[in-house]
Amino acid sequence: MLSQEEINKKLEEWPKHYNPKEIELKWQQIWLSKEYWEKVFRFKDEDEKSPVFVIDTPPPFTSGELHMGHAYWVTIADTIGRFKRLQGYNVLLPQGWDTQGLPTELKVQYRLKIPKENRELFLKKCVEWTEDMIKKMKEAMIRLGYRPEWERYEYRTYENNYRKIIQKSLLEMYKLGLIEIREGPVYWCPKCETALAQSEVGYLEKDGILAYIRFPLKDGGEIIIATTRPELLAATQAVAVHPEDERYKGLIGKIAIIPLFNKEVKIIGDDAVEKEFGTGAVMISTYGDPQDIKWQLKYNLPTTELIDEKGRIKNTNGLLDGLKIEEARKKIIELLKEKGYLVKIENFKHNVLSHTERSDCLSPIEFLVKKQIFIKTLQFKDKLLEEYKKMKFIPSRMSYYLEDWIKSLEWDWNISRQRVYGTPLPFWYCDNNHLIPAREEDLPLDPTKTKPPYEKCPQCGLPLKPVTDVADVWIDSSVTVIYLTGFYTDKRKFEKTFPASVRLQGTDIIRTWLFYTFFRTLVLTGNIPFKEVLINGQVLGPDGTRMSKSKGNVVNPLDKVDEFGADSIRLTLLDARIGDDFPFKWETVRGKKLLLQKLWNAGRLSYPFIGKKKFDRPNNLHPIDRWILQEHKRFVKKSIEAYNNYDFYQVVESLYSYFWETIADEYLELIKHRLFTEDLSALYTLSRIFKDLLIILHPIAPHITEEMYNRLYGDKISIILEGLPNVDDIEEDPNIDTLGKYIKTTTSTIRTLKIQNRIPIPVSINVKLVGPKEYIETIKRVEDDIIKTLKIEKIVYEEGEEIKAELLS
């Protein structure tokens, strides 16, 4: 039997207060050590026996700020990686950086005052800025307990080894006849001064005007047109009405005259005209919206270049030239009013096509006629709609968003970007729009610095010019799976690691990163890129709305990490069902820290009795221990199943019902007296269930579990090497369930009795327990434990229908 003095001495070795900052920083450094990398976190290329698990993690743009959305997927990725290692998988957990975005160029251009024209210096400073941003974000990721394989699987999209894969993939797609250069209308952002892909634009509701304008008819009379874009009058090529509109049937085929510009255009009938909008008559301008493009192609209409790359008007014979679009709109309204062509103006809200992929832009886009490089995607729509079904979506409803996006595709993928800091497109071209690819042996290269493979175009003999545009950033990040699995570099590794096991990402990049990776990988490899797609929801501000600096509801995950700990933040982030949006509140994190403190206290209480000791299973287990082992078996099996289904929410919820309510509040109290007498049944059971509990919790709360495992057990250098608990040997007995239910009822009833009578828990009392015969017979089996736990002198029993406790004098 242990003396109180021995116990107190042992307790001095275990601090009362759990200090998350101290413990977490300690373990983060340990995890980064060479020994832990080699033994715990390294993807073992030589391992031919263990099943492989590859996680395709998002390469975040290098903004320098790790926001709560990053913290969420970082936590998910790390949790999956740790669980799969416990499960016996050889895990490849990479981390890349999406480095070549426009925001970096703008920072270098305007903050560092480096002109783009000084290309070499500009690119050098872009890389330096990128590395500074990566350093900040990486430190934050590590502070959250994230442990990918930094040593070999950290990549940057600007680096030569990654760039070579990007460019090779483009050459392969060219060989398949999927890449071409052509001139035509493209999405253009005047603010960012670059072309965009369809996936980067979307509609935003904005305030606008509807201008009603008189168009004189050549043969007399007029037609009134309502337009939201009066500044595009000079680019109008036709007037359209619905062929079944009784108001205009007689005007189809007649000539209208554009006011102010005196240009004659034809009135045509087309079913796409909305009869109910405005006056039911619209002007077809090149180009005001996607419908204008369809009409221009359908009727082979001429085009007018009216807007330049900076969003200024041109080619209006000096009327509006040089004005920004908003200024031109006001000016044209004034002129139309002055000349008597303006009927009226209505203010209204309408959807405006905008640069939505970048939250710091959100500017309206224009359609400019430019020479660009495209990847043909539209011809694959049917195949994509069939093949995506081979990927399992979690939650399953998220597959709808990918399917809907594929169905909505109307344009091929424009991959040209008018920027500097990006992956050079490995092509040359001639004025006849023949595209000439680089030689594979020359990759990676910049065609502006490299001689083309031919002196002149081999197809027509014209001089060759380098493509000076760089690639869309989604060209970079859409080859993550191809890069990581070694498709071009290591066929043996590729066979073992492809398709990737799971893709992690948010809902916001389904139509970009998910679609482009799916499309490119399918075309290049003939297979889907990953078996499962795990799509998380959005972390909202404390007010339940999307986080926004303008709203002031942005929460930085590191603001209170030292106070509450990374494990508490991780528990909070995972306490929501995958795919659901949820608000982040520090009050919730505080509650999770209380849970971890409770775990810490339970470990401290157990330490003097089970710390660094081994116990064999006794032949006869105490009934209370048999009950808790049965509860434990269910908890372990339920938790492992939840992990396998990425249902982290279920694991967190089970911790409360099993650990807090059953282990801490009931079981530990019931066995204290047996621990003091070193009862083998209690010692064995406590040691077993506590180790399993730490293992199950480890993927979500890795720091505290490593620390407690090290203090209580420490058989291996990391708890991960323990593997998942095996509870198949625990027998299940429905009678033991009944015992457990009655124990909980009895302890709760007696505690309530003491509280109602204002008797302190440590004060002894005499109790009469009333209840059915089955209850009395069952609870008598653990009478001694009830007496010693709840400080009772004597228990008498009385049969009755309802279980209750009464004081005896």
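For the structure itself, look to the data block above.
Report follows, based on the coordinates. Only a predicted model underlies this, so the values are computations on that prediction, with no experimental measurement involved.

## Here's the deal with the overall build of the protein
- Across its full length, the protein carries 26 helices and 28 strands.
- The principal-axis extent of the C-alpha atoms belonging to the protein is close to 115 × 60 × 50 Å.
- In the protein, which comprises 809 residues, the proportion classed as buried is 57%.
- Counted over contacts in the protein with a minimum sequence separation of 6, partners at least 24 positions apart contribute 78%.
- On the protein, roughly 34,500 Å² of surface is accessible, and the fraction owed to carbon and sulfur atoms is 47%.
- Taken as two groups, the 122 positive and 122 negative side-chain charges of the protein have centres that lie 2 Å from each other.

## A few points about the pattern of salt bridges
- Considering all chains together, one arrives at 80 salt bridges under this definition.
- The shortest N-O distance in the salt bridge between Arg 82 and Asp 78 comes to 2.6 Å. Remark: Asp 78 and Arg 82 occur in helix α4 (residues 68-86); sequence separation between them is 4 residues, near one turn of the helix.
- As a salt-bridge pair, Asp 580 and Arg 397 come within 3.0 Å of each other at their nearest N and O atoms. In this pair, Asp 580 is assigned in the loop between α18 (566-573) and β25 (582-583) and Arg 397 in the loop between β15 (392-394) and α12 (399-408), connecting sequence segments 183 residues apart.
- You can call Asp 580 partly exposed: its relative accessible area is 31%.
- Bridged by salt links that share partners, the residues Arg 229, Glu 231, Glu 326, Arg 329 and Glu 366 form one connected network.

## Describing the packing of aromatic side chains
- Overall, the coordinates contain 37 aromatic pairs when judged by the stated rule.
- Arranged with centres 5.2 Å apart and planes meeting at 45 degrees, the rings of Tyr 18 and Trp 600 form a pair that is tilted. Of this pair, Tyr 18 sits in the loop between α1 (4-11) and α2 (20-31) while Trp 600 sits in helix α19 (residues 586-610), and the two are 582 residues apart along the sequence. In this pair, the class of Tyr 18 matches that of Trp 600, namely buried.
- Between Phe 515 and Phe 519, the ring centres sit 6.1 Å apart and the planes meet at 5 degrees, which makes this aromatic pair stacked. Within this pair, Phe 515 and its partner Phe 519 are both found in helix α16 (residues 510-525), separated by 4 residues, close to a single helical turn.

## Observations concerning the sheet that holds strand β20 (residues 465-466)
- Read across the sheet, 3 strands follow the order β19-β18-β20 without closing on themselves; strand pairing throughout is antiparallel. Each edge of the open sheet carries a strand with a single partner, namely β19 (435-437) and β20.
- Relative to β20, strand β18 (residues 427-429) is paired through 2 bridges, and the arrangement is antiparallel. When the bridges of β20 are listed, Tyr 429 appears paired with Lys 465.

## A closer look at the environment of Lys 376
- Inspection of the secondary structure puts Lys 376 in the loop between β14 (366-375) and α11 (381-387).
- For Lys 376, a relative accessible area of 22% gives the class partly exposed.
- Separated by 218 residues in the primary sequence, Lys 376 and Tyr 158 place their C-alpha atoms 25 Å from one another.
- The residues contacting Lys 376, other than those within four sequence positions of it, are Gly 177, Leu 178, Glu 180, Asp 412 and Phe 519.

## Some thoughts on empty space enclosed by the protein
- Enumeration over the complete set of coordinates arrives at 4 cavities of 30 Å³ or more.
- Around the largest cavity sit Ala 197, Gln 198, Ser 199, Thr 377, Trp 405, Leu 409, Trp 411, Asp 412, Trp 413, Phe 515 and Tyr 516, which together line it.
- A class-by-class count of the residues in the lining of the largest cavity yields 7 nonpolar, 3 polar and 1 charged.

## Here's the deal with the sheet that holds strand β10 (residues 255-258)
- What the 4 strands build is an open sheet, ordered β10-β11-β9-β12; its pairing is mixed. The open sheet is flanked by β10 and β12 (281-285), the only strands paired with a single partner. Along the sheet, successive strands turn relative to each other by an average axial angle of 35 degrees, direction set aside.
- Strand direction decides the pairing type here: strand β9 (residues 236-241) and β12, joined by 5 bridges, are antiparallel. When the sheet's bridge partners are listed, Ala 240 is paired in β12 with Val 282.

## As for the side chain of Arg 147
- Assignment of secondary structure puts Arg 147 in the loop between α6 (119-143) and α7 (150-153).
- At 2.7 Å, the side chain of Arg 147 forms a polar contact with the side chain of Glu 151.
- Once residues lying within four places of it in the same chain are set aside, the contact partners of Arg 147 are Trp 31, Leu 32, Ser 33, Trp 37, Phe 41, Asp 78, Arg 82, Arg 85 and Leu 93.

## A word on the packing of helix α21 (residues 648-676) against helix α26 (residues 783-790)
- One can describe the packing of α21 onto α26 by two numbers: an axis separation of 9 Å at closest approach and a directional angle of 95 degrees. The orientation of α21 with respect to α26, classified from their angle, is roughly perpendicular. Residues Glu 669, Leu 670, His 673 and Arg 674 of α21 form the contact with α26, whose own contacting residues are Asp 784, Asp 785, Ile 786, Lys 788 and Thr 789.

## Regarding the side chain of Thr 512
- Position of Thr 512 among the secondary structure elements: in helix α16.
- Within polar-contact distance, the side chain of Thr 512 engages the backbone oxygen of Ile 509 at 3.4 Å.
- Once you skip the residues sitting within four places of it in the chain, Thr 512 turns out to touch Ser 199, Trp 474 and Thr 517.

## Topic: the packing of α4 against helix α20 (residues 623-644)
- Between α4 and α20, the shortest axis-to-axis distance is 11 Å and the interhelical angle comes to 125 degrees. Viewed along their axes, α4 and α20 adopt a mutual orientation that is oblique. Where α4 crosses over α20, the two elements pack in a sense that is left-handed. Of the residues in α20, those touching α4 at Thr 79, Phe 83 and Lys 84 are Ile 640, Tyr 643 and Asn 644.
- Looking at the contact of α4 with α20 residue by residue, the class counts come to 3 nonpolar, 2 polar and 1 charged.

## Remarks on helix α5 (residues 102-111)
- The complete set of buried residues in α5 reads Leu 102, Pro 103, Thr 104, Glu 105 and Val 108.
- Along its buried surface, α5 packs onto α6.
- Of the residues flanking the end of α5, it is Lys 113, one or two places downstream, whose phi is positive at about 60 degrees.

## Considering the pairing of β10
- Residue alternation in β10 divides its side chains into a buried set, Ala 256 and Ile 258, and an unburied set, Ile 255 and Ile 257.
- Direction of pairing for β10 relative to strand β11 (residues 263-269): antiparallel, over a ladder of 4 bridges. Across the sheet, Ala 256 pairs through a bridge with Val 265, a residue of β11.

## Some remarks on the state of the cysteines
- All told, the structure shown has 0 disulfides when counted by the stated rule.
- For Cys 126, which is in no disulfide, the shortest distance to another cysteine sulfur is to Cys 192 and amounts to 15 Å.
- On the basis of relative accessible area, Cys 126 is assigned to the buried category, the value being 0%.
- Cys 460 takes part in no disulfide bond, and the closest cysteine sulfur, belonging to Cys 430, lies 3.6 Å away.

## Some thoughts on the environment of Val 467
- As for its position among the elements, Val 467 is in the loop between β20 and β21 (470-471).
- You can call Val 467 buried: its relative accessible area is 6%.
- Taking the C-alpha atoms as reference, Val 467 lies 67 Å from Ser 687; in sequence the two are 220 residues apart.
- Every residue in contact with Val 467, bar those within four places of it in the chain, is listed here: Ile 373, Leu 425, Phe 427, Trp 428, Tyr 429, Leu 435, Pro 447 and Thr 448.

## With respect to unusual backbone geometry
- A cis amide bond, omega 0 degrees, links Thr 286 with the succeeding residue Tyr 287.
- When you line up the elements, Tyr 287 lands in the loop between β12 and α9 (290-299).
- The linkage connecting Phe 498 with the following residue, Pro 499, adopts the cis geometry, with an omega of -5 degrees.
- For Glu 193, which is not glycine, the phi dihedral falls at a positive 55 degrees.
- In this structure, Glu 193 sits in the loop between β5 (179-189) and β6 (194-196).
- Here Glu 193 falls in the partly exposed class, since its relative accessible area comes to 32%.
- For Asn 433, which is not glycine, the phi dihedral falls at a positive 65 degrees.
- On the secondary structure map, Asn 433 appears in the loop between β18 and β19.
- The exposure class of Asn 433 is partly exposed, given its relative accessible area of 27%.

Parameters at a glance
- Residues numbered from 1 in each chain as written.
- Predicted model: local features only at pLDDT ≥ 70, side-chain atom pairs only at ≥ 80, totals over all residues.
- Heavy atoms only, no water.
- Helix = DSSP H or I, 4+ residues; strand = E, 2+ residues; numbered from the N terminus.
- Buried < 20%, exposed > 50% of the residue type's maximum accessible area, 1.4 Å probe, protein only.
- Contact = heavy atoms within 4.5 Å.
- Areas by Shrake-Rupley, 256 points an atom, 1.4 Å probe, with all protein chains shown as cover.
- Lys, Arg positive; Asp, Glu negative; His and termini not counted.
- Charge placed at Lys NZ, Arg CZ, Asp CG, Glu CD.
- Salt bridge = Lys/Arg side-chain N within 4 Å of Asp/Glu carboxyl O.
- Phe/Tyr/Trp six-rings, centres within 6.5 Å; stacked < 30°, edge-to-face > 60°.
- Pairing = 2+ DSSP bridges.
- 1 Å grid on protein atoms, 1.4 Å probe; cavity = no way out; pocket = protein on both sides within 12 Å on 5 of 7 lines; lining within 4 Å.
- Points joined across faces, edges and corners; volume = space filled by probe spheres on them.
- Nonpolar A, V, L, I, M, F, W, Y, C, P; charged D, E, K, R; others polar.
- Axes fitted to C-alpha atoms, helices over the stretch in contact; angles between N-to-C directions.
- Polar contact = N/O pair within 3.5 Å; in protein donor to acceptor, adjacent residues only side chain to side chain.
- Parallel < 35°, antiparallel > 145°, perpendicular 65-115°, else oblique.
- Left-handed = near helix turned anticlockwise from the far one by under 90°.
- Disulfide = S-S within 2.5 Å.

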